[in-house]
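Inside the fold
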Amino acid sequence: IRLKQKHTLIYIPSYFDFIAVRNLLLKREADFVSVTEYARVSEVSRGRARFLQGRKSIMLYTGRAHFFLRHKIKGARHVIFFGVPEYDEFYPAVVNMLNEGLTNVEDIGEDVSRMPMSCLSLFTKFDAHQLERILGTSHAERMVKGEKN
């Protein structure tokens, strides 16, 4: 992840991985907010507003927060899945958050029509069964056995 890249949503299905990523970003002094199931409503609202406005470039979003609270995160242009979501319907729900809420250019002071969108999913060969739930057998098999590392 490039620290200068704005509007990046990192979806982390495991709370233990969330702690590791949060500690790494704190160590690198990155500008980020986090949405967890343990955060107060005011913290979440403030973080979501700062992320949408571009004052915070990275948002960490846990799988449990999505399961229990189903936030609509506005302002994401880049999504990184730090592991395969536990439930298959979470993948399209999070990907559909791309470009949501970035239609009013005056709100964030940037030309969002020229901003590229991206989605990156991190997985290993041990995530084959979870990938199969989302992609289907043939696509998951092809992805796991692909030559790219």
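These notes cover the structure that comes with them. (Residues numbered from 1 in each chain as written. Predicted model: local features only at pLDDT ≥ 70, side-chain atom pairs only at ≥ 80, totals over all residues. Heavy atoms only, no water.)

**As for the packing of helix 6 (residues 128–135) against helix 7 (residues 137–144)**
Applicable threshold: Axis definition: a line fitted to C-alpha atoms, over the contacting stretch in the case of helices. Angles run 0 to 180 degrees between N-to-C directions. A run of H or I in DSSP becomes a helix once it reaches four residues, and a run of E becomes a strand once it reaches two; helices and strands are each numbered from the N terminus. Here roughly perpendicular refers to angles of 65 to 115 degrees, roughly parallel to angles under 35, roughly antiparallel to angles over 145, and oblique to all remaining angles. With the far helix as reference, a near helix turned anticlockwise by less than a right angle produces a left-handed crossing, and one turned clockwise produces a right-handed crossing. By definition in these notes, contact holds between two residues if any of their heavy atoms fall within 4.5 Å.
Helix 7 packs onto helix 6 with a crossing angle of 135 degrees between their chain directions and a minimal axis gap of 7 Å. When the axis of helix 6 is compared with that of helix 7, the two are oblique. Helix-helix and strand crossings are classified by hand; for helix 6 and helix 7 the assignment is right-handed. For the pair formed by helix 6 and helix 7, the contact residues are Ala128, Leu131, Glu132 and Leu135 on the first element and Thr137, His139, Ala140, Met143 and Val144 on the second.

**Thoughts on the environment of Phe51**
One can find Phe51 in helix 2 (residues 41–53). Once the C-alpha coordinates of Phe51 and Leu9 are considered, the two residues, 42 residues apart in sequence, prove to be 9.1 Å apart. Setting aside chain neighbours within four positions, we find Phe51 in contact with His7, Thr8, Leu9, Val33, Lys56, Ser57, Ile58, Met59, Ile73, Lys74, Gly75 and Ala76.

**Some words on the nonpolar core**
Going by this rule: Buried Ala, Val, Leu, Ile, Met, Phe, Trp, Tyr and Cys residues that are joined via side-chain atoms within 4.5 Å together make up what is termed a nonpolar core. Only protein chains enter the accessibility calculation, which uses a 1.4 Å probe. A residue is then buried if its area is under 20% of the maximum for its type, exposed if over 50%, and partly exposed in between.
If you look at the biggest cluster of nonpolar residues, it comprises 17 residues, and the most contacted ones within it are Leu9, Phe51, Met59, Tyr61 and Ile73. Secondary structure elements with two or more residues in this core: strand 1 (8–12), strand 2 (32–35), helix 2, strand 3 (58–62), strand 4 (78–81) and helix 4 (90–95). Setting aside chain neighbours within four positions, we find Tyr61 in contact with Leu9, Ile10, Tyr11, Ile12, Val35, His66, Arg70, His71, Ile73 and Met97. The next biggest cluster of nonpolar side chains, apart from the first, holds 10 residues, and it includes Leu25, Ala30, Leu60 and Ile80.

**Side note on the pairing of strand 2**
Side chains on a regular strand alternate between the two faces of the sheet. Rules: Whether two strands pair depends on DSSP finding at least two bridges between them. A clockwise course of the path from the first strand over the helix to the second, judged with the strands pointing away from the viewer, identifies a crossover as right-handed.
Relative to strand 3, strand 2 runs parallel, the two being bridged by 4 bridges. Pairing of Val33 across the sheet is with Met59, part of strand 3. For the handedness criterion, the β-α-β arrangement of strand 2, helix 2 and strand 3 is classed as right-handed.

**Structural notes on the pattern of salt bridges**
To keep things clear, this is the line we draw: The term salt bridge refers to a side-chain nitrogen of Lys or Arg lying within 4 Å of a carboxyl oxygen of Asp or Glu.
Under the criterion given, the structure shown has 3 salt bridges. With a closest N to O distance of 3.1 Å, Lys56 and Asp31 form a salt bridge. On the criterion of sequence distance, the pair formed by Lys56 in the loop between helix 2 and strand 3 and Asp31 in the loop between helix 1 (15–27) and strand 2 is long-range, its members being 25 residues apart. Judged by its relative accessible area of 34%, Asp31 falls in the partly exposed class.

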